[in-house]
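Chains, contacts and geometry: an overview
Spelled out from the first residue to the last, the chains are:
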Amino acid sequence: RASSGDAFLGGEDFTARIARQFAKQNDLDWDGISAAERAALLAVADDIKLRLAGADQAAGKVRIVARELTLQLDAAQFDKLTEDLVARLRRPIETSLYDAGIAAEQIDRVILVGGATRMPVIRSLAARIFRKLPEPGTDPDHAIALGAAVQAGLIARHQGLNDMVMTDVAPFSL
């Protein structure tokens, strides 16, 4: 019925927020560290973000400017650090509901897809908006892969998909 999104917001934004905050806490000039050190810091930040999806806290080590630094983050700190990013997720959801002319209570099931939806803060936002927990049995990456496979099959005109119809989806309601 409706579609909306923020094309400039994704999991990388959450990773970058962790990395930049860590740099700031350690008096590191983000633009002053080498590209290799920035990449190493982003890799550790991404690992911590992923581990926080299943734990209350996570830590990692990185060597920057000839010193080894330990990055520690707990779930509450992560939520506080990224609350403005999470708030940006609310608008496309509300826009879609408005454009579709339905209320959140009218949604029967909530299925989250994409890697970022593994973050507890994202799942919590969806639960608050829709007043129901997202479906637990759906692997977010698997759902994306299935959609991509169906699209590839349609493009290749595979016979197994003769009875399936998929329409293009615009990023905004028309």
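Everything that follows concerns the structure shown earlier in this document.
Let me begin by describing the structure that accompanies this report.

What counts, and where the lines are drawn
- Residues numbered from 1 in each chain as written.
- Predicted model: local features only at pLDDT ≥ 70, side-chain atom pairs only at ≥ 80, totals over all residues.
- Heavy atoms only, no water.
- Helix = DSSP H or I, 4+ residues; strand = E, 2+ residues; numbered from the N terminus.
- Salt bridge = Lys/Arg side-chain N within 4 Å of Asp/Glu carboxyl O.
- Buried < 20%, exposed > 50% of the residue type's maximum accessible area, 1.4 Å probe, protein only.
- Phe/Tyr/Trp six-rings, centres within 6.5 Å; stacked < 30°, edge-to-face > 60°.
- Core = buried A, V, L, I, M, F, W, Y, C linked by side-chain atoms within 4.5 Å.
- Contact = heavy atoms within 4.5 Å.
- Polar contact = N/O pair within 3.5 Å; in protein donor to acceptor, adjacent residues only side chain to side chain.

Considerations on unusual backbone geometry
Positive phi, close to 55°, is recorded for D27, a residue that is not glycine. By the element assignment, D27 lies in the loop between α1 (11-25) and α2 (35-52). Within the chain, V65 stands out as a residue other than glycine whose phi angle is a positive 50°. With respect to the helices and strands, V65 occurs in the loop between β1 (57-64) and β2 (67-74).

Focus on the pattern of salt bridges
In the structure shown here, the tally under the stated rule is 11 salt bridges. One salt bridge in this structure joins D46 and K49, with 3.1 Å as the shortest N-O distance. Of this pair, D46 and K49 both sit in helix α2, 3 residues apart, which is roughly one turn of the helix. For D46, a relative accessible area of 27% translates into the label partly exposed. With relative accessibility at 10%, the residue K49 sits in the buried group. The partner of R90 in a salt bridge is E94, with the nearest N and O atoms 3.4 Å apart.

What about the packing of aromatic side chains?
If you walk through the whole model with that rule in mind, you get 1 aromatic pair. On the numbers, 6.2 Å between centres and 35° between planes, the contact of F14 with F78 is tilted. One end of the pair, F14, is in helix α1; the other, F78, is in helix α3 (residues 75-81), and 64 residues separate them in sequence. For the pair formed by F14 and F78, the shared burial category is buried.

Description of the nonpolar core
Of all hydrophobic cores here, the largest spans 35 residues; its most connected members are F14, I18, L41, I48, V62, I64 and F78. Elements that contribute at least two residues to this core include exactly α1, α2, β1, β2, α3, α4 (83-100) and α5 (120-130). It is α5 that contributes the most residues to this core, 6 residues altogether. Non-local contacts of I18, meaning those with residues more than four positions away in its chain, are made with A45, K49, L71, L73, F78 and L81.

Overview of the side chain of S96
You can see S96 is positioned in helix α4. A distance of 3.3 Å separates a polar side-chain atom of S96 from the backbone nitrogen of S4. Aside from chain neighbours lying at most four places away, what touches S96 is A2, S3 and S4.

Re the environment of Q159
Within the secondary structure, Q159 is located in the segment after α6 (140-155). The spatial distance from the C-alpha of Q159 to the C-alpha of S4 is 32 Å, given a sequence separation of 155 residues.

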